[in-house]
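Close look at the chain arrangement
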Amino acid sequence: MRRPLFKQWAHDYGWSVLLLLILLVSWEAVVALGWVPSFIIPAPTSIIQALIKDSPLLIGQHLIATLEEVSLGFLLSVIVGVMLAVGMHIFRPLEKTLYPFLIISQTIPLIALSPIFIMWFGYSIWSKVAVVFLTAFFPIVVSTYDGLKKGDGDYTELLLTMGANRWDIFRTIEIPMALPSFFSGLKLSIVYCVVGATIGEWLGGTKGLGYFSRRMASNMHTDAMFASILLLSLLGISLFMMIVIMEKQILKRRGSTK
């Protein structure tokens, strides 16, 4: 059983892993030969050493703080995003009213808004959560709304001829057909959450991986800075994969997988 799984994994990701190994070895060699100063780009081995050395602080304090901001911001994004999408789908005048403002909200630079959030919420977690929310809710709104619109078709007309009401159509047709789009929005949103939390911590944080990387950059500790960036990347990948696994399980139960 393990061998076929390994072969499938190697077939799907083998070339990507090989390319990553080549890049890491080349990176290590370039720094070791002195072609690039280590204070500008540290070697991968130095980054791993810094990660191990600072792991109690990085994982025990800053990673937990960033994960808390991401989780709260993502939860708010899902709740508000789904509510807005459903509201705009059911009540079309709401779409005409809100959709332009949703687009406008994505054109405002977060760097400009972060000081405002700090003024409103102080240096508490909520100033970072506000940045995360503003970064992440838009993909959920758009993807969920577009997915719900896919239910407007022959199946809807068939159910109407059979005497179904609006709730029946929404429950049996529109929600299942919206799930793939909804999960696509979730996958984008969870990655944006990590980016938003990092921006919030950079501009006004007292803890978190973004704050740690900014502090290490100002002190020219580039190996520790890259270690925090590595953790941010691993955090984003892990959360993304969690959404992928959840998507596969839910769509499999609903018979929507290939």
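The coordinates are above.
This section reports on the structure supplied with the text. (Residues numbered from 1 in each chain as written. Predicted model: local features only at pLDDT ≥ 70, side-chain atom pairs only at ≥ 80, totals over all residues. Heavy atoms only, no water.)

In terms of nonpolar packing, the biggest core is built from 31 residues, with L58, V70, F74 and L186 touching the most fellow members. Contributing elements (two or more residues each) for this core: α2 (44–53), α3 (55–90), α6 (125–149), α8 (166–204), α9 (209–218) and α10 (222–253). In terms of residue count, α10 provides more of this core than any other element does, nine residues in total. If we skip the residues at most four places from it in the chain, V70 touches V132, I190, C193, V194, A197 and L239. Formed by 12 residues, the second largest nonpolar core is a distinct cluster that contains L102, L110, L134 and F137. (Core = buried A, V, L, I, M, F, W, Y, C linked by side-chain atoms within 4.5 Å. Buried < 20%, exposed > 50% of the residue type's maximum accessible area, 1.4 Å probe, protein only. Helix = DSSP H or I, 4+ residues; strand = E, 2+ residues; numbered from the N terminus. Contact = heavy atoms within 4.5 Å.)

With that out of the way, let us pick up the side chain of S189. Along the polypeptide, S189 turns up in helix α8. Of the polar contacts made by the side chain of S189, one reaches the backbone oxygen of A136; its length is 2.8 Å. For S189, the residues in contact, after removing those within four places along its chain, are F74, S77, A136, P139 and I140. (Polar contact = N/O pair within 3.5 Å; in protein donor to acceptor, adjacent residues only side chain to side chain.)

Of note, the phi angle at M220 is positive, near 65 degrees, even though the residue is not glycine. Within the element layout of this structure, M220 appears in the loop between α9 and α10. Of the residues examined, M220 reaches a relative accessible area of 49% and is grouped as partly exposed.

Function cannot be read off these values alone, since they describe shape.
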